[in-house]
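A structural walkthrough
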Amino acid sequence: MSEQLTNVKSVFRKRFANLSSAISNRLWLNADTNYKCDVLLTFPELIDDRVIVWFLEKFIQLQPDIRVSIKHHFTTGVYGFYLTFTYERVLKGAEALQLEKPIKQEFGGGYQRFLFHELDIYEGVEDEDKFFSTQERQSIVFHLLYSIRILENETLNGIKFKIDQSLIQRGLEKKLISQVIPLHNKEQLNHLRETWVWPKNIFKAQPIEDIRQYFGVKIALYFCWLSFYTQALCLPALYGTYIWYYSGQSQELDDKLFVINSLLNIIWATGFLIFWRRRQAELAYKWNTLDMEQLEDTRATYKGQLRRSPVTNKYAPYYPAWKRLLFRLLVTMPMLIFNLVLVSFCILIIFRFQAWIDRQLKLGHLPSLMSLTQLLPKILLALVTTVFDDVYKRVCRWLTDKENYREQRTHDNQMIAKMFACACVNSYLSVFYIAFFTHTHIRLSDQLITIFVIKQFWDHVKEAIIPYIVSNTRLSMLIQLSKKEHDRYAERKDLNQELKRILDQWNNSKQIKTTDETSVDCSFSSRDSIPSFETLSLSQAEIECLQPKWPDLYEDYLELVIQFGYIIFLSALFPLAAFFSLLNNILEIRADAFKLCMICQRPFSQRVKDIGHWQKIMEYMVIAAIVVNCIFCSIRGVFRRMLPDLPFAAEIFLLVCIEHILIIVCKIIRSSIENVPYWVRVEKAKMEYRRREALTKLECNALHLKESQAQENTT
């Protein structure tokens, strides 16, 4: 019996050690570094062998400049294509993406849109390893992969591939390809973890430039906005704490503090949005996205019938606008209205239940021990809002995907509008109901404390800690089960030999054509075509394939914009709202960094010049906050106590006048201040002047050279 117990303990310790090493992230740090590639493409586990061979042949046939390495992932039993392109092809892809690159000083300096036929004017273009950052190369490779088009109609496993269809997009739609992901750079990611993620950096400035270089402009701009917003919260947190400390001494003082707090919140919110708008213009200028054109390429997931474009004269997907409009009228609007009515009904029922329990306890119809039932409605409300919050996000994503927008910016704006509308009802209905109809200050304070303390803490646990434990536990379990994949890999001997033959034949043919052309990196060589399990080491790419995808920034922005609304709508009733928000956001920065660097796959970078629709939403929220705070002044009887002889109709008229004056003043201030700072406009003008001077000088030199050559020819 003791021997069996010892064996059980040894097995448990062994598995716990594997789990511990996964959770501590040692597996990732000790994993083999990726091949020299930018993007990883994986196939489903049980995919037909012919599909893998067919895609390899198509890559070689349709894009000769591609570099392919192949590896079998033993943890999941899938095949992975490690992809990149020749440097020349990457340079041409940079022109297609309209990337901004530095220009040599003799040509005027600064940055300019990259043009392949003007290579000589760009600084550092000779250095293949440093001219593009890793995130820029991955974006270019991603664009080049999606631009691979079918040349003739073909059928694979009953799936039709039509002329000019995107090979990658069609493969993802029909589940022939599992995923296409960019791979991490271990050295750069470890640097970000040390300087950004770990708790020791919680009060240090964020390495924004490193974040931009590694994750791209869109994510860097989000963290800049979050940091700017957190710093701006120090002011309302300070005066909010002061007001909270002195409130409750007398009704007259409370009324004055209420009005002062409301006005300060409006002034603060207006100033915050104005200063951020100028700050993001500075960042856009620094990151060369300020003058970025709004014309965008077609989204990779955009679907439609193939038609010849009148602009490019090439086949492109086309989706009629009337279908989108019909879907929005018959599906999107009814579903959103139904969901909003449903959550409103559930919240009102819970409040009725709370009122019934309070009434029964007051009348003594419930035993004293049953007073604990007062917590039941609060628990139900928290569960209902949490569940509906998750449901809304999924429904909004599904509806927006079905509406099928061509441009990414339009897609983002529609997604933001849907998610914000649903979140407003889900988040604000309960507190507004208490504030407007029940007038119970204690219950409102309890509700807001629950939101700002318990709910926000739970959001951090749900978004960062739980996914981290789940993903690493799953990884540890897959490593334990990966021994079974060795036999399955050996059974696919014919596939392995065919893939190796194709790559070897392609590599030999390219070497015969020219010795100057870089050969294909064929890691699927005879040496590691059938590796032994004992010598097999876990690769970094296999770990990344098992990580969850980065869910974009919709939910992160939404959470903070809703928080911004709590401050400007309800801070007059709960002065500590900004203080709790400040504490939450200090943790939010590191929680989002932890999620980005420790949990999720590396996202493809995107270039943006602002935070998009969120800026307009917050500006509209400030106007709504003016109206809401004026209504609160009327409901709480503030003006009635300050001006007791004022008739009710005159009070309403006065509040409406004050509201309109405040709105007009806010709009005048917002429109009178330039979006782009003066120094940015000056620097742009200087740069344009230097470029024109450099161009004139070059033209003069060329003219003098031509004249001197003509004189030499005549003599």
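Rules used in this analysis
Residue numbers restart at each chain and count upward from 1, following the sequence in its written direction. Selection of residues for local features in this predicted model requires a pLDDT of at least 70, selection of side-chain atom pairs for listing and counting requires 80 or more, and totals for whole chains, interfaces and linings are taken over all residues. Side-chain numbers here rest on the full set of heavy atoms in the structure, without hydrogens or water. UniProt positions are given in the numbering used here, feature names are shortened, and annotations may be inferred rather than shown by experiment. Note on pairing: DSSP must find at least two bridges between two strands before they are called paired. To qualify as a helix, a DSSP run of H or I must reach at least 4 residues; to qualify as a strand, a run of E must reach at least 2; elements of each kind are numbered from the N terminus. The axes used here are C-alpha line fits, helices contributing only the stretch in contact, and every angle between their N-to-C directions lies in the interval 0 to 180 degrees. We call two residues contacting when some pair of their heavy atoms lies within 4.5 Å. Between 30 and 60 degrees the pair is tilted, below 30 it is stacked and above 60 it is edge-to-face, where a pair is any two Phe, Tyr or Trp rings, Trp via its six-membered ring, whose centres lie within 6.5 Å. Classification of residues uses two cut-offs on accessible area relative to the type maximum, computed with a 1.4 Å probe and protein chains only: under 20% is buried, over 50% is exposed, and between them is partly exposed. The definition of a polar contact used here is a pair of N or O atoms within 3.5 Å, where within protein one atom must be able to donate a hydrogen and the other to accept one, and adjacent residues in sequence count solely through side-chain atom pairs. Joining through side-chain atoms within 4.5 Å is the link that ties buried Ala, Val, Leu, Ile, Met, Phe, Trp, Tyr and Cys residues into a set, and such a set is a nonpolar core. Bear in mind that the domain bounds are from an automatic or database domain assignment. We define a salt bridge as a side-chain nitrogen of Lys or Arg found within 4 Å of a carboxyl oxygen belonging to Asp or Glu.

The protein chain is annotated in an unreviewed UniProt entry as Anoctamin of Rotaria socialis. What UniProt states about the protein chain under its Subcellular location (unreviewed entry) heading is, verbatim, "Membrane". The record held by UniProt for the protein chain lists under Sequence similarities (unreviewed entry) the comment "Belongs to the anoctamin family."

Pairing is antiparallel in the open sheet, where four strands are placed in the order β2-β3-β1-β8. Two strands lie at the open edges of the sheet, namely β2 (66-73) and β8 (179-182), each paired on one side alone. For this sheet, the mean angle separating the axes of adjacent strands, direction not counted, is 25 degrees. Helix-sheet contacts for helix α5 (residues 134-146) involve β1 (39-42), β2, β3 (78-85) and β8, and the interaxial angle to β3 is about 105 degrees.

Applying the stated rule across the entire model yields 39 aromatic pairs. Measuring from centroid to centroid gives 5.5 Å for Tyr-428 and Phe-569, while their planes differ by 85 degrees, and the two rings are edge-to-face. Residue Tyr-428 is located in helix α14 (residues 408-438), and its partner Phe-569 is located in helix α19 (residues 554-570); the two are separated by 141 residues in the primary sequence. For Tyr-428, a relative accessible area of 4% translates into the label buried.

Time to look at the side chain of Asn-265. In this fold, Asn-265 is placed in helix α11 (residues 251-286). With relative accessibility at 0%, the residue Asn-265 sits in the buried group. A distance of 2.8 Å separates the side chain of Asn-265 from the side chain of Tyr-239, its partner in a polar contact. With residues near it in sequence (within four places) discarded, Asn-265 still touches Tyr-239, Ile-567, Ile-568, Ser-571 and Ala-572.

Now for the nonpolar core. Core analysis: the biggest nonpolar cluster contains 111 residues, and Trp-196, Phe-215, Trp-225, Trp-268 and Phe-564 have the highest contact counts within it. Domain assignment of the residues forming this core places at least three in each of domain 2 (201-288 + 438-481 + 548-676) and domain 3 (297-406). Ignoring any residue separated from it by four or fewer positions in sequence, one finds Phe-564 in contact with Tyr-229, Trp-268, Ala-269, Phe-272, Met-618, Met-621 and Val-622. Counting 53 residues, the second-largest nonpolar core is a separate cluster that includes Ile-66, Ile-70, Leu-144 and Ile-168.

For the structure shown, the criterion picks out 24 salt bridges. The shortest N-O distance in the salt bridge between Asp-412 and Lys-218 comes to 3.7 Å. With Asp-412 in helix α14 and Lys-218 in helix α9 (residues 217-232), the pair connects residues that are 194 residues apart, well separated along the chain. For the pair Asp-412 and Lys-218, a shared accessibility class is recorded, and that class is buried.

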